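An overview of the molecular structure
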Amino acid sequence: MSLDLRGLTPAPVTPFTRDGEIDYDGIKKVGAWLGGIDGVKGLVVLGHAGEGTFLTSDEQTRVIEAYVEAVKGEVPIIAGITGEGDHVASEETRRAVKAGASAGLVYPSHGWLRFGYQDGAPQERYRRIHEESGMPLILFQYPDNTKATYNLQTQLDIAAQPGVFAMKNGVRNMKRWDTEIPVIREQNPDLQILTCHDEYLLHTMFDVDGALVGYGGIAPEPLIELIKAGKAKDYARARELHDRLMPVTKSVYHRGSHMEGTVALKWALVARGVLEHATVRTPLRPLAEGADRQIADAMRQAGLV
Ligand SMILES: N[C@@H](CC=O)C(=O)O
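Worth saying up front: this structure is predicted, and the values here are computed from it rather than measured.

Cut-offs used in this document
- Numbers given for residues are sequential positions, taken from 1 along each chain in its written order.
- Confidence filtering applies because this is a predicted model: local features only for residues at pLDDT of at least 70, side-chain atom pairs given and counted only at 80 or more, and all residues used for totals across whole chains, interfaces and linings.
- Water and hydrogen atoms were dropped before computing side-chain values, which therefore reflect all heavy atoms in the structure.
- In DSSP terms, a helix is any run of H or I states spanning at least four residues, a strand is any run of E spanning at least two, and both are numbered starting from the N terminus.
- Atoms counted for the radius of gyration: C-alpha only. Globule rule: 2.2 Å times residue count to the power 0.38.
- Three labels apply to residues, based on accessible area from a 1.4 Å probe with only protein chains included: buried if under 20% of the type maximum, exposed if over 50%, partly exposed otherwise in between.
- Each accessible area is a Shrake-Rupley estimate made with a 1.4 Å probe; only the visible protein chains count as cover when residues are assessed.
- Think of it this way: Lys and Arg go in the positive column, Asp and Glu in the negative one, and His and the chain ends go nowhere.
- To locate a charge, the coordinates of NZ of Lys, CZ of Arg, CG of Asp or CD of Glu are taken.
- DSSP-based pairing: two strands are paired if at least 2 bridges between them are found.
- Only the six-membered ring of Trp is used, alongside the rings of Phe and Tyr, when aromatic pairs are assigned; centres must lie within 6.5 Å, and planes under 30 degrees apart are stacked while those over 60 apart are edge-to-face, with the rest tilted.
- Axis angles are defined between N-to-C directions and span 0 to 180 degrees, where every axis is a line fitted to C-alpha atoms and, for a helix, only to the segment in contact.
- We call two residues contacting when some pair of their heavy atoms lies within 4.5 Å.
- Salt bridges are identified by distance alone: a Lys or Arg side-chain nitrogen within 4 Å of an Asp or Glu carboxyl oxygen.
- Here the expected length of a helix is defined as 1.5 Å per residue gap, with one fewer gap than residues.

It is worth spelling out the overall build of the protein at this point. Broken down by element type, the protein carries 11 helices and 8 strands. Here the C-alpha radius of gyration of the protein, 18 Å, is about what a compact globule of 305 residues would show, namely 19 Å. Taken along its principal axes, the extent of the C-alpha atoms in the protein is 45 × 45 × 35 Å. Every one of the 305 residues in the protein was classed for burial, and the buried ones make up 59%. Surface summary for the protein: the accessible area is close to 12900 Å², and the carbon and sulfur share equals 49%. Put simply, the protein has 34 plus and 40 minus side-chain charges, and the middle of one group is 2 Å from the middle of the other.

Attention now goes to the pairing of strand β5 (residues 137–141). Within β5, 5 of the 5 residues are buried, which leaves it mostly tucked inside the rest of the structure. Side-chain alternation along β5 places Leu137, Leu139 and Gln141 on one buried face and Ile138 and Phe140 on a second face that is also buried. Looking at chain direction, β5 and strand β6 (residues 164–169) are connected through 5 bridges and run parallel. When the bridges of β6 are listed, Gln141 appears paired with Asn169.

Centre distance and the angle of the planes are the two values used to describe a pair of aromatic rings. Applying the stated criterion to the full structure yields 8 aromatic pairs. Taking the centre distance of 6.4 Å and the plane angle of 85 degrees together, the rings of Tyr107 and Tyr142 count as edge-to-face. Separated by 35 residues along the polypeptide, Tyr107 in the loop between β4 (103–106) and α4 (112–115) and Tyr142 in the loop between β5 and α6 (152–159) bring together distant segments of the chain. Considered together, Tyr107 and Tyr142 belong to a single accessibility category, that of buried residues. Through a chain of ring-to-ring contacts, the aromatic side chains of Tyr107, Phe140 and Tyr142 assemble into a single cluster.

So, on to the sheet that holds strand β7 (residues 192–195). Read from one edge of the open sheet, 8 strands run β1-β8-β7-β6-β5-β4-β3-β2, paired in parallel fashion. With partners counted over all chains shown, the strands left at the sheet margins are β1 (8–10) and β2 (43–45), one partner each. Within this sheet the neighbouring strands show an average axis-to-axis angle of 25 degrees, counted without direction. Across the face of the sheet, helix α5 (residues 121–133) comes into contact with β3 (77–81), β4, β5 and β6 while running at roughly 160 degrees to β5.

Okay, the pattern of salt bridges next. Applying the stated criterion across every chain yields a total of 20 salt bridges. A salt bridge links Asp86 to Arg125, with the nearest nitrogen and oxygen atoms 3.1 Å apart. Here Arg125 lies in helix α5 and Asp86 lies in helix α3 (residues 86–99), a separation of 39 residues in the sequence. With a closest N to O distance of 2.6 Å, Arg127 and Glu131 form a salt bridge. Of this pair, Arg127 and Glu131 both sit in helix α5, separated by 4 residues, roughly a single helical turn. On the accessibility criterion, Arg127 (33% relative accessible area) is partly exposed. Note on Glu131: relative accessible area 57%, which makes it exposed.

Let us look at helix α8 (residues 220–231). With 12 residues, α8 should cover 16 Å at 1.5 Å per step; its first-to-last C-alpha distance of 17 Å lies within 8% of that length. Buried residues of α8: Pro220, Pro222, Leu223, Ile224, Leu226, Ile227, Ala229 and Gly230, and no others. Buried positions along α8 lie against β1, α1 (24–35), β8 (210–213) and α9 (235–253). Immediately downstream of α8, the backbone of Lys233 shows phi near 55 degrees, a positive value.

Just geometry here; none of it tells us what the structure is for.
Structure follows, in structure tokens:
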């Protein structure tokens, strides 16, 4: 498997026009900017930050194509694969391959969040998607406080399957992180382990090959430094970067929910001059009055503006 995500892989937003259509000029701008940064290893489009499930399947295809064009071959485009059933997810992955995506980040089937999954179902989901599309896949570990979180054996099984080359881990249970990551690593030395703990990256930064985060779409430069510091086991430097970013972390990710974080990401890009406005699609809603100014202040304090 040749994809190398050992570094920063941002999950960028999908820009919209003020009337809620996809803003292709906006994608060009975001894609060219992020794709041109040394240390960015790929972009994951159509994830949570990219409002992927709020797009029609035609729109999803066009967003992939637009990002592929925007990055001009500098980095691979990876598509979020979110279809509920394995058959539709597999079809979705085939469309993504055709549109130019180089890999897929496979989300759990949505119903598992509420009801949990039957033994073997996650393994089968990855197996089928890979076999039917040929796409290299990233295992997505959901938070421990959801029923869609995979137990250790399920993670090990998926990680060992053909076509699975990386894991995006957002377990958000530090006991599980500290005990499971070493086992996963030992049993799958080639698996690229990427943290997605946007709201508290510091703890996870010392055990990973990289980060696959929405945060990377607004603050790529310090996050690349943070990943380097983690790999060098330079806690002092990592702590310094963490502290510098804290106002941004708070104003974007310590909000009522991670959903608000997606809206906040767009305001952060407005502050950076990358986007002109922060239009999102429902069910996302505008942030409370003044949040835009608070986010812009935080970006200034962190030296990102
Ligand atoms: N960082 C979030 C949202 C990304 O998909 C997560 O942990 O899942």
